[in-house]
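Observations on chain architecture
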Amino acid sequence: MPPPLPIVVTAGETGPWQITAIRAVAGEGLAPARRLVVEEGQAAAAPGAWRLRGVTSHLRYTAEAERDRLASVQEGLGRPAALRAALIPIRKSEAWWALAQDARRAILEENSRHIAIGLDYLPAVARRLIHSRDLGEPFDFLTWFEFAPEHESAFDTLLARLRATEEWRYVEREVEIRLARD
Ligand code: HEM
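This one's a predicted model, so the numbers in the text were calculated from it and none came from an experiment. Residue numbers here run from 1 along each chain, matching the order of that chain's written sequence. Local features in this predicted model are restricted to residues of pLDDT 70 or higher, and side-chain atom pairs are both shown and tallied only at a pLDDT of 80 or more, whereas totals for entire chains, interfaces and linings draw on every residue. Only hydrogens and water are set aside when side-chain values are computed; all heavy atoms of the structure are taken into account.

With respect to the pairing of strand β2 (residues 17–26)
As a reminder, the rule being used: We treat two strands as partners when DSSP finds at least two bridges between them. Runs of H or I in DSSP of at least four residues are treated as helices and runs of E of at least two as strands, each being numbered from the N terminus.
Examined bridge by bridge, β2 and strand β3 (residues 35–40) share 2 bridges and lie antiparallel to one another. Bridge assignment links Q18 to a residue of β3, and that residue is R35. Taken together, the 7 bridges between β2 and strand β8 (residues 171–180) define a ladder with antiparallel strand orientation. Its bridge partner lying in β8, A21 is registered against R178.

Right under this line is the structure:
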């Protein structure tokens, strides 16, 4: 795994991504803004309507065979054809965090098939999981996805499948931010 990389997301008046929609899926939403920028390391962008921070990290729940399968099919961020993106900040409940590691893994994969479902949408969807919980942020995770416009409806289906799982019963705050660039 590469070393942890700090990530800063700033929503405001500038940035390469146009915000096309912000929707509160569960719990409190986020304020409207026009554009968004994702920065690695220090933030150079001026503070905007809101700012969220996190850090890339090691895998917690992924088994070796799953990791190898993901590595063999997934594509990276920043593909020229990936003109659409989604930022989905998520906070899970205290009940989730009270579970032991093996119980959380069982809910995530054996019961909810999170990784198996996700694999159905690779390589069309590229992604990055950013951890925020240990930074005292309002969300536990910032999840980021990039795809071509023709794969947007497949991405919608992916969201519906994941939100119907047992794992998502532990999601107490979720905001869906849809993005586009030229
Ligand atoms: C975690 C794969 C889509 C939200 C994970 C993990 C994998 C994974 C392998 C476990 C990481 C670890 O071992 O620590 C995928 C794939 C997807 C996908 C292949 C297909 C595009 C999504 C979507 C969302 C999402 C659409 C949000 C709506 C999360 C969250 C976690 C996670 C919040 C962290 C769970 C936790 O640590 O409690 N994903 N995922 N994923 N994913 Fe996905």
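There's more to say after this.
Comments concerning the layout of surface pockets
As a reminder, the rule being used: Cavities and pockets are defined on a 1 Å grid built over the protein atoms alone: a cavity is a set of grid points where a 1.4 Å probe fits but cannot escape, while a pocket is an open set with protein on both sides within 12 Å along at least five of seven lines, and lining residues are those with an atom within 4 Å of any such point. Grid points are joined across faces, edges and corners, and a volume is the space filled by probe spheres set on the points. Only Asp, Glu, Lys and Arg are considered charged in this grouping, and only Ala, Val, Leu, Ile, Met, Phe, Trp, Tyr, Cys and Pro are considered nonpolar; every other residue, Gly among them, is considered polar.
Reported here for the second largest pocket is a volume of approximately 170 Å³. As for the second largest pocket, its lining consists of V9, P16, W17, V38, E40, L77, L87, R128, I130, W144 and E146. Residue assignment for the lining of the second largest pocket shows that the elements contributing at least two residues are β3, β6 (126–131) and β7 (141–147). Grouping the constituent residues of the lining of the second largest pocket by class yields 8 nonpolar, no polar and 3 charged.

A short note on unusual backbone geometry
So the rule is basically this: Note on exposure labels: buried denotes an accessible area under 20% of the residue type's maximum, exposed denotes more than 50%, and partly exposed covers the range between, all computed with a 1.4 Å probe on protein chains only.
In this structure, P123 follows L122 across a cis peptide bond, with omega equal to 5 degrees. Phi at R113 takes a positive value of approximately 60 degrees, unusual for a residue other than glycine. With respect to the helices, strands and loops of the structure, R113 is situated in the loop between α3 (101–111) and α4 (114–119). When its relative accessible area of 41% is taken as the criterion, R113 is described as partly exposed.

Structural notes on the nonpolar core
Let me state the cut-off plainly: For the purposes of this section, nonpolar cores are sets of buried Ala, Val, Leu, Ile, Met, Phe, Trp, Tyr and Cys residues that join through side-chain atoms within 4.5 Å.
Core analysis: the biggest nonpolar cluster contains 19 residues, and L36, W50, L87, I177 and L179 have the highest contact counts within it. Elements that contribute at least two residues to this core include exactly β1 (6–12), β2, β4 (50–55), β5 (84–92), β7 and β8. Residues F141, F145, F147 and L159 belong to the second largest nonpolar core, which totals 15 residues.

Purely geometric stuff here, so don't read any function into it on its own.
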